[in-house]
Amino acid sequence: SDFERTATTTEAYETEAQTNFDAESGRIEQSVQVKDQKFSEIEGATQTAESELTLAEDNLRTANKLHEDALETLEKLQSSCVDASESYAERRQRREQEIEALK
């Protein structure tokens, strides 16, 4: 009788412990799946941000190169257009002479 009561009590505790273990294992497994999904989403967002950053850096390098080229061209043209040592009248006379030479 005492032995049967101990066996019955032990079986009840074991059954309850197994039920609690199964429930907790299910919650943990679900939590792991949710965290894995969040990790995948964050990893994807990180890769997207890194590729966008790389593209933006490439675009910046291209824009800087174009800007440098434009400044060089401007510097070359400025000397012939703005800083011309000839006056308007001199340029006009030279142009008219060129036109006459072509006739």
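The structure under discussion appears in the preceding block.
Here's a quick rundown of the structure.

Calculation rules
Residues numbered from 1 in each chain as written. Predicted model: local features only at pLDDT ≥ 70, side-chain atom pairs only at ≥ 80, totals over all residues. Heavy atoms only, no water. Helix = DSSP H or I, 4+ residues; strand = E, 2+ residues; numbered from the N terminus. Rg over C-alpha atoms; globule rule 2.2 N^0.38 Å. Buried < 20%, exposed > 50% of the residue type's maximum accessible area, 1.4 Å probe, protein only. Areas by Shrake-Rupley, 256 points an atom, 1.4 Å probe, with all protein chains shown as cover. Salt bridge = Lys/Arg side-chain N within 4 Å of Asp/Glu carboxyl O.

Assigned secondary structure in the chain consists of 2 helices and 0 strands. In terms of overall dimensions, the chain is more spread out than a globule: its C-alpha atoms have a radius of gyration of 42 Å, far above the 13 Å expected for 103 residues. Looking at the chain residue by residue over its 103 residues, the buried ones come to 0%. By element, 55% of the accessible surface of the chain is carried by carbon and sulfur atoms, the whole surface being about 9500 Å².

On the secondary structure map, Glu-29 appears in helix 1 (residues 2-81). The spacing of Glu-29 and Glu-11 is 18 residues in sequence and 26 Å in space, taken between C-alpha atoms.

Enumeration according to the criterion identifies 6 salt bridges in this entry. Notably, a salt bridge pairs Arg-5 with Asp-2, separated by 2.4 Å at the nearest N-O pair. Here Arg-5 and its partner Asp-2 are both found in helix 1, 3 residues apart, which amounts to about one turn of the helix. Here Arg-5 falls in the exposed class, since its relative accessible area comes to 55%. For Asp-2, a relative accessible area of 48% corresponds to the partly exposed category. The salt bridge involving Glu-24 is made with Arg-27; its shortest N-O contact spans 2.5 Å. On the criterion of helical spacing, the pair formed by Glu-24 and Arg-27 is a turn pair, its members being 3 residues apart in helix 1.

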